[in-house]
Amino acid sequence: MSSMSSVAGLSKYIKTLPETKYSIIGMGLISFLMGSIIFLIDLTPGNGFLQDCFYGGLYGLVVFGITSIMSGALNQQVISVLHGINLKIKHSMFLSALSMTILGIIILIGCVISQILHSDIYLNSMLFGCVIIYGFNTLVFWATSKVRFSIAATAGLIQPALILAMYTLITFLFIDTSFIGSAILQITFKAIVAAVIFVMAIYAFIKVIASPFSKNLGIGVLDLLSLFIAHMNEGSNSLEGLFENMSEAIDTIVTFISFKTENGIKALFISPSVHPGPLGDLGGSNMPTLLANKFNHFTMVAHGPSTHDFNPIAVSEIDKVEQSVKRGLEKIEYSPDASRFVRYNSEKANIGVQFFNKGMVILSTFAPEAVDDIEFGVGLTMMAQSRSKCNVEDSIIVDCHNSFSPESGEVLPGNAEVFQLINVIDTINPDQNKYGIKVGCYEDSMETLDKHDGIGESGIKTMIIEVDNQRTAYVLFDSNNMEIGFRQEIIDAVSDLDIDEIEVMTTDTHTVNTISRGYNPIGVTKRAEIIEYVRTSIVEAINDLEKVEVGTGTEKIKNLNTFGPKNSTELISTISSVVAVSKIIAPVLLITALLIVFIWLFFGGL
């Protein structure tokens, strides 16, 4: 599996947490059940079954349930007052419920062992469990709330401290008054030492994994994690500020085709060599929609040759793409000349070619084989070669991005796919007859589908181009790639419609990459419904056909702030390596600390 696949796979751990009321109800029920089981294991000999269930349940509810509910409320307030982020009340309550459950399991195991060994280790088990949830809470607060370690460690004390305080009070009032006195001091000392040992192990672990990020990228791993969670939870774009510290200004290009009637521009087809990433609404992730919305006419923003190296670091960078296109439109020359759509192939490389005025478009795909982004340098080579071969001024290269596999690799210099693209461009016949042109357009946001189905904000956009009685459908989904084989299924499903050719493309929007699959291509689910949208869009676009003139353009985009080739690769490789190393370091470090804590609590003096 590639590094990018490994990193994308981490998103499977992103889950939607239950509402606050469910966490509270859960804590009440679980704590009552815990207490009943503890008493039934015969913590208090001589009581009957119903007495154990009732009194044990009340004990569990008071000692574990109420204190955990209180800690859920207090944790959220403390982190908020101390300017932490992300910890909403539902997150805090769920964390308390999870911690309480962990503690309960440890105590129940201790009760069972006590019965087997005929030795009372109930209190030791409770202390051991409290140390674990203290470390767990500290880790969560520190890693996700953008607070200092000292604040996280202090907030992490709230739940175990409340539980131990309530246990001490209940024990003194109802169970064993000898508990008061030197025993409390001894227990407190043991608990403090154990907590310090465990939390220092967590501190050391975080410092170890944070070092590569600080050294290689100059950013804090906990800042990265907490701001990422803020984006996932609230749509916050604060993470873009962190990206600015590792950004790199580049020059790239945008190519476009403009179709106009006597009333002005009817449609724009844009192919920017800018990558719509990294994910969610960060940077350029929603560029296909945001850029299209900057124009007052039908606009398709296809996927130009670019990789994650060319992810804009902020949404505002998309303005530079817009300005370049508008600057190019002022220079464009129009004519009614266009050629028929012709397909060419060489080994795995397949292209669809159509000439417009003084330019041409090349729709590139490796379907049915799976290939990911075409690197910018490869795209430039394709442009230069096609302009020379076909004697045109502009070559609009489109990466159709329509055949996906988790193992899909980018098309980089030196790959076999590069030479296949070069070879297929050499087969293009430049001497195509020119005819008049008609264009029809249609767009649909596909409201019955959403990002969980692989559909972004712009849904589907279809443009029918009619030249010499040949109708070609350019179908563009606002999606990040397409499930392998679905392209052909769509082509077959529309074969009865009044078109002669069709190519299906995706924008590569990364707004859909925020769910548990990590990658989220269109066509995983609801294929029949998606195909029906395609059929409708083609019919409606045909009904919109009218004569147009066409022109093409190529414009440079200057000083676009992106991740850059070095930093993008560094970020992915650093995350991937840290994840791999953590799988080794975390168990060794934390298990060793827990073993020391266990020995100290169960076999230590005092």
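This text goes with the structure placed above it.
Parameters and conventions
- Residues numbered from 1 in each chain as written.
- Predicted model: local features only at pLDDT ≥ 70, side-chain atom pairs only at ≥ 80, totals over all residues.
- Heavy atoms only, no water.
- Pairing = 2+ DSSP bridges.
- Helix = DSSP H or I, 4+ residues; strand = E, 2+ residues; numbered from the N terminus.
- Axes fitted to C-alpha atoms, helices over the stretch in contact; angles between N-to-C directions.
- Buried < 20%, exposed > 50% of the residue type's maximum accessible area, 1.4 Å probe, protein only.
- Arc of directions from axis to C-beta.
- Contact = heavy atoms within 4.5 Å.
- Salt bridge = Lys/Arg side-chain N within 4 Å of Asp/Glu carboxyl O.

1. Concerning the sheet that holds strand β4 (residues 342-346)
An order of β4-β5-β6-β7 is seen for the 4 strands of this open sheet, with the pairing classed as mixed. What marks the edges here is a single partner per strand, and that holds for β4 and β7 (394-399). Recorded for the sheet is a direction-independent mean angle of 25 degrees between the axes of neighbouring strands. Note: strand β6 (residues 359-365) against β7, 6 bridges, orientation parallel. Residue I362 lies in a different strand from β7, and its bridge partner there is I397.

2. Considerations on helix α15 (residues 486-493)
Looking at α15, one finds that the buried residues are F486, R487, I490 and I491. Projected down its long axis, α15 carries its buried residues within an arc of 145 degrees, all on one side. Looking at the buried side of α15, the elements it contacts are β4, β6, β10 (470-477), β11 (501-506) and α16 (527-543).

3. Points about the pattern of salt bridges
Any two side chains of opposite charge can pair, given that their charged atoms come close. Counted by the stated rule, this structure contains 20 salt bridges. Salt-bridge contacts for D319 lead to K294; the nearest nitrogen and oxygen are separated by 2.8 Å. In this pair, D319 is assigned in helix α12 (residues 318-329) and K294 in the loop between α11 (287-292) and β3 (298-301), connecting sequence segments 25 residues apart. Its relative accessible area of 28% is what places D319 among the partly exposed residues. For K294, a relative accessible area of 27% corresponds to the partly exposed category. For the salt bridge of D468 with R340, the shortest nitrogen-to-oxygen distance reads 3.5 Å. Of this pair, D468 sits in the loop between β9 (460-467) and β10 while R340 sits in the loop between α12 and β4, placing them 128 residues apart in sequence. Since its relative accessible area comes to 32%, R340 is described here as partly exposed. When salt bridges with common partners are traced through the structure, they connect K294, D319, E322 and K326 into a single cluster.

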